[in-house]
Number of protein chains: 2
Amino acid sequence: MGRLFVVGIGPGKEKYLTIEAREALAASDLLCGYTTYIDCVAPLFPEKETYTTPMTRELERCRHALSEAQHGSTVAMVCSGDAGVYGMAAPVLELLPEYPGVEVQIVAGVTAALSGAAALGAPLGHDFCVISLSDLLTPWETIEKRLRCAGEGGFAVALYNPSSKRRGDHLSRACDILRESRDGATLCGIARNIGRDGEEKRVLTLAELRDTEVDMFTTVFIGAPETRLSGGWLVTPRGYRGTPSAAENGR
Amino acid sequence: MGRLFVVGIGPGKEKYLTIEAREALAASDLLCGYTTYIDCVAPLFPEKETYTTPMTRELERCRHALSEAQHGSTVAMVCSGDAGVYGMAAPVLELLPEYPGVEVQIVAGVTAALSGAAALGAPLGHDFCVISLSDLLTPWETIEKRLRCAGEGGFAVALYNPSSKRRGDHLSRACDILRESRDGATLCGIARNIGRDGEEKRVLTLAELRDTEVDMFTTVFIGAPETRLSGGWLVTPRGYRGTPSAAENGR
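Everything quoted here is computed from the prediction, not taken from an experiment.

Chemist: Please provide a residue-by-residue account of the sheet that holds strand β3 (residues 49-53) of chain B, values included.
Modeler: Residue and element names in this part refer to chain B. On the basis of which strands lie adjacent, the open sheet formed by 5 strands has the order β3-β2-β4-β1-β5 and parallel pairing. A single partner strand is all that each edge strand has here, and the edge strands are β3 and β5 (103-107). Taken pair by pair, the neighbouring strands of this sheet meet at an average axis angle of 20 degrees, ignoring direction. Two elements, strand β2 (residues 30-34) and strand β4 (residues 74-79), share 4 bridges in a ladder whose sense is parallel.

The following block contains the structure:
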């Protein structure tokens, strides 16, 4: 019986791999994944066999990986960012009972909320929500409800899949919902191609974000009411009882 | 002028470092941090100078790191998990304008929500919230409100700082709030010392979690209503329109 690693590779470049992730890839006979992600890691291991499927054939990919592992191979299922956050860990584990004997290990990685936040400063320095705006498998009403709850709770928010080809207005609608509970001057950020070539980042207000076009390579950050700018960086302070100096005196 | 890296080292052991984090530590003259975290990485770089302060002296530590960088050193501020998520990136960036000329780089890492989730399966496979139960710098009423919003939004939840010496009932109270909108049979998980010696994990229901004692080395996961068990692993599916097979047909 073989093993299946579900590996989060971080945003793209080799330096964002954890040592554990690189070891799991090195130990594998076969690298499976979405074509774009395999292109990130395959050059590091030119001798490895690869199996790629396009974005919409994810379960086929999981079944292939599980089947190869069941036949004795050591397989890595490659995910961008983290293995679990909108990653392949969930579908692999859901299918696992159909492939008895396969040993699975989930290898965590730096998800886009963390890599994008680091590029912008510390927008997720206190409590936050991660929400996908893709309504491919989630009803849009559910997404709206979550945005509303995130706004009411005063959370900073990281938005994944902020744009889709089918519906280009997801981000505008998300901003409108957050405007119900948050000022238009709330500080936001967008991070594009972070950890890949063509890295871009920008700080803007919630009102500006509403009318900004983004693509699928972008992660969007909506600040909490407390989020501020410091030396050009977005910062959500860890405490709500004042400035660092106040905290310094209080602790 | 020097540089200051704010480095997320992941849960603890060297293998959870990203390559970028290891390179930032290697490039630094001085490693600053909370004693426990410095103990994780200092043995990898026995020749480096270190500066440690206890948990409550964080701003003193930031000021020392910024001051040393201002005087020309390359400094690493070491954070467990990610640099941004309840980490030192926020206070460092808040103080940065007082130390002109210091170049700061935030190095993301695998936060406990991701490493703990990987140990348990994929509890954060869809939208989720991260909430700290520490009321040291956040009023408890704010924390309660966020828990209530997270429950109403149907988010999976990762809880940081689930226990404190001063008040031992934070987790019970958090569970009571989530029970307002979520069944007692909701699947939850606890992950303790993940990525360190003495790693432990356990799957339990929300009703059981309410009466479970945890410590400050534990990250708690409260499943979404859709979270299920598969082959012993916690899984929050990425879609809400049925099983993997339904998604397979639908896409």
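Chemist: Break down the pattern of salt bridges for me, citing the residues and quoting the values.
Modeler: In this structure the tally under the stated criterion is 30 salt bridges over all chains. Here R63(B) makes a salt bridge to E98(B), at a shortest N to O gap of 2.9 Å. Remark: E98(B) occurs in the loop between α4 (89-95) and β5 and R63(B) occurs in helix α3 (residues 58-70); sequence separation between them is 35 residues. Judged by its relative accessible area of 21%, R63(B) falls in the partly exposed class. Residue classification places E98(B) among the partly exposed residues on the basis of a relative accessible area of 46%. Where salt bridges share partners, they join D176(A), R210(A) and D211(A) into one cluster.

Chemist: Please set out the relation of the copies chain B and chain A residue by residue, giving values where relevant.
Modeler: Of the two same-sequence chains, chain B is brought onto chain A (RMSD 0.0 Å, axial shift 0.0 Å) by a rotation of 180 degrees. The two molecules are tied by a two-fold rotation axis, judged by turn and shift. The share of interface residues of chain B whose copies in chain A are also at the interface is 100%, consistent with both copies meeting through the same surface.

Chemist: Please give an account of α3(B) that cites residues and values.
Modeler: All names here are of chain B. Between its first and last C-alpha atoms α3 spans 18 Å; for 13 residues at 1.5 Å apiece the expected length is 18 Å, and the two agree. Among all positions in α3, only E58, L59, R61, C62, A65, L66 and A69 are buried. Down the axis of α3, the buried side of the element spans an arc of 155 degrees, and every buried residue falls inside it. Phi turns positive, to about 110 degrees, at G72, one or two residues after α3.

Chemist: Please give an account of the interface of chain B and chain A that cites residues and values.
Modeler: Listed by partner, the interface residues are 75 residues for chain B and 75 residues for chain A. Here chain B meets chain A over a buried area of about 7,000 Å², counting both sides, of which 60% is carbon and sulfur. Counting every contact that joins chain B to chain A gives 6 salt bridges. Ionic pairing is found between E58(A) and R238(B), a salt bridge with its closest N-O pair at 2.5 Å. For the pair chain B and chain A, the number of links is 34 residue pairs in polar contact (both at pLDDT 80 or more). A per-element tally of the side of chain B that touches chain A places α4(B) first, with 6 residues. Split by residue class, the side of chain B that touches chain A holds 38 nonpolar, 18 polar and 19 charged. In this sheet, strand β7 (residues 128-132) of chain B lies alongside strand β7 (residues 128-132) of chain A in antiparallel orientation, the contact comprising 3 bridges. For C129(A), the partnering residue across the bridge sits in β7(B) and is C129(B).

Chemist: Run through the sheet that holds strand β8 (residues 156-160) of chain A, naming residues and quoting values.
Modeler: Taken in spatial order, the 10 strands line up as β10(A)-β9(A)-β11(A)-β8(A)-β7(A)-β7(B)-β8(B)-β11(B)-β9(B)-β10(B) in an open sheet, and their pairing is mixed. Edge positions in the sheet fall to β10 (200-205) of chain A together with β10 (200-205) of chain B, since each of these pairs with one other strand and no more. Within the sheet, the average angular offset between the axes of one strand and its neighbour, ignoring direction, is 15 degrees. With 5 bridges connecting them, β7(A) and β8(A) associate as parallel partners. Considered in β8(A), the bridge of C129(A) is made with V157(A). Across the sheet, helix α5 (residues 112-120) of chain B touches β7, β8 (156-160), β9 (187-192), β10 and β11 (218-222) of chain B, and the angle it forms with β11(B) is around 70 degrees.

Each value, and the rule that gives it
Residues numbered from 1 in each chain as written. Chains lettered and ligands numbered in written order. Predicted model: local features only at pLDDT ≥ 70, side-chain atom pairs only at ≥ 80, totals over all residues. Heavy atoms only, no water. Pairing = 2+ DSSP bridges. Helix = DSSP H or I, 4+ residues; strand = E, 2+ residues; numbered from the N terminus. Axes fitted to C-alpha atoms, helices over the stretch in contact; angles between N-to-C directions. Salt bridge = Lys/Arg side-chain N within 4 Å of Asp/Glu carboxyl O. Buried < 20%, exposed > 50% of the residue type's maximum accessible area, 1.4 Å probe, protein only. Least-squares fit on C-alpha atoms with pLDDT ≥ 70 in both. Contact = heavy atoms within 4.5 Å. Expected span 1.5 Å × (residues − 1). Arc of directions from axis to C-beta. Buried area = accessible area lost by both parts, 1.4 Å probe. Polar contact = N/O pair within 3.5 Å; in protein donor to acceptor, adjacent residues only side chain to side chain. Nonpolar A, V, L, I, M, F, W, Y, C, P; charged D, E, K, R; others polar.

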